[in-house]
Amino acid sequence: MGFIGDTIESIRSMQVRQVLAQIISLGMIVTSALIIWKGLIVVTGSESPVVVVLSGSMEPGFKRGDILFLHMSKDPIRTGEIVVFNVDGREIPIVHRVIKVHERQESAEVDILTKGDNNFGDDRLLYAHGQLWLQQHHIMGRAVGFLPYVGWVTIIMTEKPIIKYLLIGALGLLVITSKE
Amino acid sequence: MASDGAAATPAKASPKKANLLDPHSIKHLLDETISDVVKSKGYAEDTRLGNWKLAIGAAVIAIALLAQFYPKKFPQNREFLLGCIALYVVLNVVLLILSYTKEKDAIMFTHPPAGSFNSTGLVISSKLPRFSDMYTITIASADPQSISANKPVHFTKSVTKWFTKEGVLVEGLFWKDVERLIDDYNTERKGK
């Protein structure tokens, strides 16, 4: 009975406003991460400013687990640039190198063919069924820099969800048990 | 009034205890106890500033969630995102300004005691510098410009005076010190 009394006492002494202030502080920390990401999107002009390399198709330049920084501007796409593009029906963007560019003199339309440096053939197999060229609207950005190895955390969390939930649980416990 | 602090100490089911290796824990416990002492002297807590901070914090969170879940994809939502980001930054700056100008080290604001001629409440501040054991309490008027404002009073003591070796707070001693400070503040007016 003494233990139950102590528990009730400690619950009663907890102030609602303090708990609310703590929840709002935590919320502001989380939302600051969201806003920073949105700021990155606006500054770089790309829907995905940072991407993780998931396959070895661009070795030896980019290896699995590297992080790429993207930027999108109005400059024309040129052969040899490394671009990130979206294909209809595929969820994950692809990072490959431009090997052919066709431009039309009378209009702004552009046809682009890409290839992974470490692949044997071009990317027509990766495009949507029947599609032979990429157009401007498929391009999400071009690579302007990279960090090696940093993306492994993301890959591990994606491939082994149990690790992701363990991490989130541990962080949550940390926050709950820490005092102001 | 009798100066016996033990009489004013409320009966507690269990003694308050702090982790002596954690300065934040010590300061937090002392601040809490000061709030209890001030309330027992008839001052009601003024939560307006705290409410404003909670409201601004909630607004900040709402803006970020709005930016996150706006039902359009980039770049159609570029102007909206810019607006949300700007508003987010502005509100955070406002929160920061509130903390630095209104709150500073304050741990509690109060209303004037009921039935008193005094028209301003108190601001109780405390400071426990890093790596130091000297704890400072300051009591000042909530409105220094008011005609009924008294001069601020403060004292500084080592926290070792109020804690046992096991980290239990000797509330009687602490209550006595804080009550004497409050009496000093109120007595200042009579001396004018």
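Worth saying up front: this structure is predicted, and the values here are computed from it rather than measured.

1. Thoughts on the overall build of chain B
Here is step 1 of the chain: Looking only at helices and strands, one finds 5 helices and 4 strands in chain B.
Here is step 2 of the chain: Secondary structure elements in chain B, listed N-terminal to C-terminal, are α-α-α-α-β-β-β-β-α.
Here is step 3 of the chain: Out of the 192 residues belonging to chain B, those deemed buried represent 38%.
Here is step 4 of the chain: Sequence separation of at least 24 residues holds for 59% of the intrachain contacts in chain B that already meet a minimum separation of 6.
Here is step 5 of the chain: Accessible area for chain B stands at about 11,400 Å²; split by element, carbon and sulfur atoms hold 60% of it.

2. A closer look at the interface of chain B and chain A
Here is step 1 of the chain: Across the boundary between the two partners, chain B contributes 25 residues, which contact 20 residues of chain A.
Here is step 2 of the chain: Connecting chain B to chain A are 0 salt bridges.
Here is step 3 of the chain: The tally of links between chain B and chain A comes to 1 residue pair in polar contact (both at pLDDT 80 or more).
Here is step 4 of the chain: For the side of chain B that touches chain A, the elements supplying multiple residues, two or more each, are α2 (23-40), α3 (48-69) and α4 (78-103) of chain B.
Here is step 5 of the chain: Among the elements that make up the side of chain B that touches chain A, the one with the highest residue count is α3(B) (11 residues).

3. Observations concerning the side chain of A:Asp111
Here is step 1 of the chain: Within the element layout of this structure, A:Asp111 appears in strand β5 (residues 110-115).
Here is step 2 of the chain: Sequence-distant contacts of A:Asp111, defined by excluding residues within four places in its chain, comprise A:Lys100, A:Val101, A:His102, A:Arg104, A:Trp133, A:Leu134 and A:Gln135.

4. What about the sheet that holds strand β3 (residues 134-141) of chain B?
All names here are of chain B.
Here is step 1 of the chain: Spatial ordering of the open sheet is given by β1-β2-β3-β4, a layout of 4 strands whose pairing is antiparallel. Only two strands of the sheet have a single neighbouring strand rather than two, namely β1 (106-109) and β4 (153-158). Neighbour-to-neighbour, the strand axes of the sheet open up by a mean angle of 15°, direction not taken into account.
Here is step 2 of the chain: Looking at chain direction, strand β2 (residues 122-127) and β3 are connected through 6 bridges and run antiparallel. Each residue of the ladder has a partner; that of leucine 122, found in β3, is serine 141.
Here is step 3 of the chain: Where α2 meets the sheet, it contacts β1, β2 and β3, and its direction lies at approximately 20° from that of β1.

5. A look at the pairing of strand β4 (residues 94-103) of chain A
Residue and element names in this part refer to chain A.
Here is step 1 of the chain: Bridge count for strand β3 (residues 82-85) against β4 is 4 bridges, and the pairing is antiparallel. Each bridged residue has a counterpart across the sheet, and for phenylalanine 85 the counterpart in β4 is isoleucine 94.
Here is step 2 of the chain: In terms of strand pairing, β4 meets β5 through 6 bridges, oriented antiparallel. Counted as the bridge partner of valine 98 is threonine 114 from β5.
Here is step 3 of the chain: Hairpin remark: β4 followed by β5, antiparallel, with 6 residues in the connecting loop.

6. As for the UniProt feature "transmembrane region" (unreviewed entry) in chain B
All names here are of chain B.
Here is step 1 of the chain: Mapped onto the present numbering, the UniProt feature "transmembrane region" (unreviewed entry) falls on residues 49-68 and 80-100.
Here is step 2 of the chain: Segment residues 49-68 splits into 100% helix and 0% strand. End C-alpha atoms: 29 Å apart.
Here is step 3 of the chain: With 100% helix and 0% strand, residues 80-100 has end C-alpha atoms that lie 30 Å from one another.

7. Here's the deal with the nonpolar core
All names here are of chain B.
Here is step 1 of the chain: Ranked by size, the top nonpolar core spans 27 residues in total, and within it Leu30, Tyr135, Ile137, Trp162 and Phe163 carry the most contacts.
Here is step 2 of the chain: Only α2, β2, β3, β4 and α5 (171-190) provide two or more residues apiece to this core.
Here is step 3 of the chain: Those residues in contact with phenylalanine 163 that lie beyond four places of it in its chain are Ala18, Leu20, Ile26, Leu29, Leu30, Val168 and Leu169.
Here is step 4 of the chain: Counting 22 residues, the second-largest nonpolar core is a separate cluster that includes Leu54, Ile56, Leu95 and Phe109.

What counts as what
- Residues numbered from 1 in each chain as written.
- Chains lettered and ligands numbered in written order.
- Predicted model: local features only at pLDDT ≥ 70, side-chain atom pairs only at ≥ 80, totals over all residues.
- Heavy atoms only, no water.
- Helix = DSSP H or I, 4+ residues; strand = E, 2+ residues; numbered from the N terminus.
- Buried < 20%, exposed > 50% of the residue type's maximum accessible area, 1.4 Å probe, protein only.
- Contact = heavy atoms within 4.5 Å.
- Areas by Shrake-Rupley, 256 points an atom, 1.4 Å probe, with all protein chains shown as cover.
- Salt bridge = Lys/Arg side-chain N within 4 Å of Asp/Glu carboxyl O.
- Polar contact = N/O pair within 3.5 Å; in protein donor to acceptor, adjacent residues only side chain to side chain.
- Pairing = 2+ DSSP bridges.
- Axes fitted to C-alpha atoms, helices over the stretch in contact; angles between N-to-C directions.
- UniProt positions renumbered as here; feature names shortened; annotations may be inferred.
- Core = buried A, V, L, I, M, F, W, Y, C linked by side-chain atoms within 4.5 Å.

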